[in-house]
Amino acid sequence: MAEITITEAEQRRSTARILDVREDFEVEEGMIPGALHIPMGQLQTRLSELDPAVPVIAVCRSGNRSARVADALNGAGFTADTMAGGMIAWTRAGLPTT
């Protein structure tokens, strides 16, 4: 698993699946446009919603949960990275949210 910057995540949005692993109440504050929301606790039961052929960028509030999710996804045969700083860094940089 690589830790990528918010700039790298923004550049890769069109070729990777952004996976937001935050809880529902956190996502209400805004999400990266086009991201798929699967709370971390639901990942095992919803893994089929991800395409193993498409790289994943895992995102959470600060980067801790997404790092664990990226490790788990890599162990399950996916190619997954985590976005350093999470949504805190994304919104501070003024990047788009829905």
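For clarity, every value in this text was computed on a predicted model and none was experimentally measured. (Residues numbered from 1 in each chain as written. Predicted model: local features only at pLDDT ≥ 70, side-chain atom pairs only at ≥ 80, totals over all residues. Heavy atoms only, no water.)

Caption draft 1: Summary view of the sheet that holds strand β3 (residues 36-37). Read across the sheet, 5 strands follow the order β1-β5-β4-β2-β3 without closing on themselves; strand pairing throughout is parallel. Sheet topology places β1 (3-4) and β3 at the edges, where each strand pairs with a single neighbour. In the sheet, strand β2 (residues 17-20) pairs with strand β4 (residues 56-59) via 4 bridges, with the strands oriented parallel. Within the sheet, the bridge partner assigned to Arg-17 lies in β4 and is Val-56. Packed on one face of the sheet, helix α4 (residues 64-75) meets β2, β4 and β5 (80-83) and runs near 175° to β5. (Pairing = 2+ DSSP bridges. Helix = DSSP H or I, 4+ residues; strand = E, 2+ residues; numbered from the N terminus. Contact = heavy atoms within 4.5 Å. Axes fitted to C-alpha atoms, helices over the stretch in contact; angles between N-to-C directions.)

Caption draft 2: Summary view of the UniProt feature "domain: Rhodanese" (unreviewed entry) in the chain. UniProt's entry tags residues 12-98 with the feature "domain: Rhodanese" (unreviewed entry), counted in the numbering of this structure. This span, residues 12-98, is 32% helix and 16% strand, and a straight line between its end C-alpha atoms measures 18 Å. (UniProt positions renumbered as here; feature names shortened; annotations may be inferred.)

Caption draft 3: Seen up close, the side chain of Arg-65. Tracing the sequence through the fold places Arg-65 in helix α4. By relative accessible area, Arg-65 is classed as buried at 18%. Only 2.8 Å separates the side chain of Arg-65 from the side chain of Glu-26, close enough to count as a polar contact. Sequence-distant contacts of Arg-65, that is, excluding residues within four places in its chain, are made with Val-21, Arg-22, Glu-23, Glu-26, Met-40 and Cys-60. (Buried < 20%, exposed > 50% of the residue type's maximum accessible area, 1.4 Å probe, protein only. Polar contact = N/O pair within 3.5 Å; in protein donor to acceptor, adjacent residues only side chain to side chain.)

Caption draft 4: Inspection of the pairing of β4 at higher detail. With burial as the criterion, each face of β4 is covered, one bearing Val-56 and Ala-58 and the other bearing Ile-57 and Val-59. Pairing analysis gives 3 bridges linking β4 to β5, with the strands arranged parallel. Its bridge partner being in β5, Ile-57 is matched across the sheet by Asp-81. Chirality of the crossover, the property in question, places the unit of β4, α4 and β5 among those that are right-handed. (Right-handed = clockwise from strand over helix to strand, strands pointing away.)

Caption draft 5: Broad picture of α4. With 12 residues, α4 extends 17 Å from end C-alpha to end C-alpha; this agrees with the ideal 16 Å at 1.5 Å per step. Within α4, the full set of buried residues consists of Arg-65, Ser-66, Ala-67, Val-69, Ala-70 and Leu-73. On its buried face, α4 is in contact with β2, α2 (24-27), α3 (43-46), β4 and β5. Following α4 by one or two positions, Gly-77 has its phi on the positive side, about 100°. (Expected span 1.5 Å × (residues − 1).)

Caption draft 6: Focus on the pattern of salt bridges. The tally for this structure, following the rule as stated, stands at 5 salt bridges. The salt bridge involving Asp-20 is made with Arg-22; its shortest N-O contact spans 2.7 Å. An identical accessibility class is assigned to Asp-20 and Arg-22; each is buried. One salt bridge connects Glu-26 with Arg-65, and the closest N-O pair in it is separated by 2.8 Å. In this pair, Glu-26 sits in helix α2 while Arg-65 sits in helix α4, placing the two residues 39 residues apart along the sequence. Accessibility assignment for this pair places Glu-26 and Arg-65 in one class, buried. (Salt bridge = Lys/Arg side-chain N within 4 Å of Asp/Glu carboxyl O.)

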